[in-house]
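For reference, the chains in residue letters:
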Amino acid sequence: MVDIAQQAAINPASARHAGAARARVPLTTIDPGHWRALAQRAVEPNGYYLPAWEFAVSATARGRTKASALAAFDGSSTRLIGLMPVISLWRALKIPLPALVSAHPYGTLCSPLIDRDAPIEAAASLLQQARAAGAHALVLNDVALDGGAMSALNQVLSRDGLKPRVLSSYIRASLDATQDAETLLRDALGTKKLKELRRLRHRLEEHGPVTCDVARRPDEIGPALETFLQLEASGWKGKRGTALVQHAGDAAFIRRAVPALAETAQCEIITLRAGTTPVAAGIVLRHQDRAFFFKLGIDERFARYSPGVQLTLDLTRHLCADPAIASADSTAGADHPMINPIWRGRFAIGDVVVPLRRNDPVVALIHGALAACYVARETARSTVRSLRKWRTRNQPQTARPS
């Protein structure tokens, strides 16, 4: 088995793989106009694979730069019908086996863009491009398991006698924005909980009139983004060193991506204030008829008033009132304690190994290596969570507004 792995490992320096290098191209070589046109026709929305967002991620985001792409064109070779940003398995996880992995777009959705007018052709071409690049498997992380992109890929795989393997999966919260917001919130939270949240909102008004505004225009979005970045860095993310503004590359990415998407009405920032003081802010991406709740920042001095929940209630009302939005992806993890009780829609997200050849022993090696890696990663995460809980129990409480 070791011999198989050694023989199959991709060596970028080898002349044997000169053609493979051409099969996947630098992301920066994809024409932005063709990419935007494909995004408009995509069978499944993905705000994190919009060109303005992904170009910014690949340019400077920490650990996510210089991604490649598998690109599918129609028979005339002029119309882009499929796009899958990728990196090597070695770069992703330091596993020396011939697989390509979804390039992580800083959001938790990596469903590729596949043309709804030619889904089978696009999916087949993407898989062929991966083969030509020397890969034995594709590892699709954070894909919607029942989404349009995965459906097209599954049809092609079934036709070719191949079957994908789900490495891990979880159920994620989403919002059905076609419903009446007040009915939805009452059904989700119940009258008693809503009454308690209204009481907290009245208490928050002791610090000034509570307002919620949405920045959409390019001239509004810059100041709103800086407010969000300050809020995010002021809380627990800042303490852990994971706030966007704490890393030059991440700060450069978000300051490039958000204004660029605002130019095409595909990003907005919602901010909750008590008087002139911002207490919570969230970044929302928009693609086709779907919204994506990217990140939330709060002023933890106001934590007793549940500012994150208060903002999410206002965001729910805002999205449900927008006829252009049919649904919203929370982009949150499994069993998220804040968003799950409010947004009661659910859909399956998973990591999938897609074999590219029948009866390929290398795919078993790739699957086994990934499974071992996932177990080790989950063990590490569990240890970190336990340590954080212990620290929280033993830390003195920070001062909050009276």
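Residues numbered from 1 in each chain as written. Predicted model: local features only at pLDDT ≥ 70, side-chain atom pairs only at ≥ 80, totals over all residues. Heavy atoms only, no water.

S.K.: Just checking my understanding: could you explain the overall build of the protein chain for this structure?
M.R.: In terms of regular secondary structure, the protein chain is built from 13 helices and 13 strands. Relative to its length of 402 residues, the protein chain is compact, with a C-alpha radius of gyration of 22 Å against a globular reference of 21 Å. Principal-axis analysis of the C-alpha atoms gives the protein chain an extent of 70 × 50 × 40 Å. Here the protein chain, with 402 residues, has 50% of them falling under the buried criterion. With the model as given, the accessible surface of the protein chain reaches about 18,400 Å², and the carbon-plus-sulfur share is 53%. Positive and negative side-chain charges in the protein chain, numbering 51 and 36 respectively, have mean positions lying 7 Å apart. (Helix = DSSP H or I, 4+ residues; strand = E, 2+ residues; numbered from the N terminus. Rg over C-alpha atoms; globule rule 2.2 N^0.38 Å. Buried < 20%, exposed > 50% of the residue type's maximum accessible area, 1.4 Å probe, protein only. Areas by Shrake-Rupley, 256 points an atom, 1.4 Å probe, with all protein chains shown as cover. Lys, Arg positive; Asp, Glu negative; His and termini not counted. Charge placed at Lys NZ, Arg CZ, Asp CG, Glu CD.)

S.K.: So what exactly am I meant to see when it comes to helix H4 (residues 51–60) here?
M.R.: The periodicity of an α-helix, 3.6 residues per turn, causes residues three or four places apart in sequence to face the same way. Among the ten residues of H4, seven are classified as buried, and the element is accordingly described as predominantly covered. Considered for burial, the residues of H4 that qualify are Pro51, Trp53, Glu54, Phe55, Ala56, Val57 and Ser58. In this fold, the buried residues of H4 make contact with helix H3 (32–41), strand E3 (80–88), helix H11 (248–262), strand E10 (277–287) and strand E11 (290–298). (Contact = heavy atoms within 4.5 Å.)

S.K.: What's the story with the nonpolar core in this structure? I'm lost.
M.R.: Grouped burial of nonpolar side chains is what soluble globular proteins tend to show. In terms of nonpolar packing, the biggest core is built from 63 residues, with Trp53, Phe253, Ile254, Ile283 and Leu370 touching the most fellow members. Ignoring sequence-local partners within four residues, the contact set of isoleucine 254 consists of Trp53, Leu225, Leu229, Leu244, Pro259, Ile283 and Phe294. Residues Val279, Leu311, Cys320 and Ala328 belong to the second largest nonpolar core, which totals 36 residues. (Core = buried A, V, L, I, M, F, W, Y, C linked by side-chain atoms within 4.5 Å.)

S.K.: I'm lost on unusual backbone geometry in this one. Help?
M.R.: Notably, lysine 66 is not glycine yet its phi reads approximately 55°, a positive angle. Summarising the element assignment, lysine 66 is placed in the loop between H4 and strand E2 (68–73). According to the relative accessible area criterion, lysine 66 is exposed, its value standing at 71%. With a phi close to 55°, serine 306 is a non-glycine residue in the positive phi region. Summarising the element assignment, serine 306 is placed in the loop between E11 and helix H12 (307–320).

S.K.: Explanation requested: the side chain of serine 102 in the structure shown.
M.R.: With respect to the helices and strands, the residue serine 102 is situated in strand E4 (residues 99–102). The class for serine 102 is buried, based on a relative accessible area of 5%. At a separation of 3.1 Å, a polar atom in the side chain of serine 102 contacts the main-chain amide nitrogen of asparagine 141. Excluding residues that lie within four positions of it along the chain, serine 102 makes contacts with Tyr49, Pro85, Val86, Ile87, Cys110, Val139, Leu140 and Asn141. (Polar contact = N/O pair within 3.5 Å; in protein donor to acceptor, adjacent residues only side chain to side chain.)

S.K.: What is the right way to look at the pairing of E4 in this model?
M.R.: Moving residue by residue along a regular strand, the side chains alternate between the two faces of the sheet. Relative to E4, E3 runs antiparallel, the two being bridged by three bridges. By the bridge assignment for E4, valine 86 is matched with serine 102. Summarising the sheet, E4 and strand E6 (residues 137–144) pair through three bridges and their orientation is parallel. Across the sheet, residue alanine 99 finds its bridge partner in E6, namely alanine 137. (Pairing = 2+ DSSP bridges.)

S.K.: Can you help me understand the packing of helix H8 (residues 181–204) against H12 in this one?
M.R.: Between two packed helices, what matters for the description is the angle formed by their axes and the separation of those axes. Here H8 crosses H12 at 145°, and the two axes come no closer than 11 Å. The interaxial crossing formed by H8 with H12 has left-handed handedness. Contacts between H8 and H12 involve Ala181, Glu182, Leu184, Leu185, Leu189, Leu197, Leu200 and Arg201 from the first element and Val309, Gln310, Leu313, Asp314, Thr316, Arg317 and Cys320 from the second. (Axes fitted to C-alpha atoms, helices over the stretch in contact; angles between N-to-C directions. Left-handed = near helix turned anticlockwise from the far one by under 90°.)

S.K.: Would you mind going over the side chain of serine 111 with me for this structure?
M.R.: Positionally, serine 111 belongs in the loop between E4 and strand E5 (113–114). For serine 111, the side chain forms a polar contact with the side chain of glutamate 44, separated by 3.0 Å. What serine 111 contacts, discounting residues up to four positions off in sequence, is Glu44, Asn46, Tyr49, Asp142, Val143, Ala144 and Ala149.

S.K.: Explain the pattern of salt bridges here, please?
M.R.: In a structure, side chains of opposite charge can pair up when their charged atoms sit close to one another. Counting across every chain of the model gives 22 salt bridges. Between arginine 62 and aspartate 250 there is a salt bridge, and its shortest N-O distance comes to 3.3 Å. Of this pair, arginine 62 sits in the loop between H4 and E2 while aspartate 250 sits in helix H11, and the two are 188 residues apart along the sequence. With a shortest N-O distance of 2.7 Å, arginine 301 and aspartate 299 are connected by a salt bridge. Here aspartate 299 falls in the buried class, since its relative accessible area comes to 7%. Connected through salt bridges with shared partners, the residues Arg41, Arg79, Asp115 and Asp117 form a single ionic network. (Salt bridge = Lys/Arg side-chain N within 4 Å of Asp/Glu carboxyl O.)

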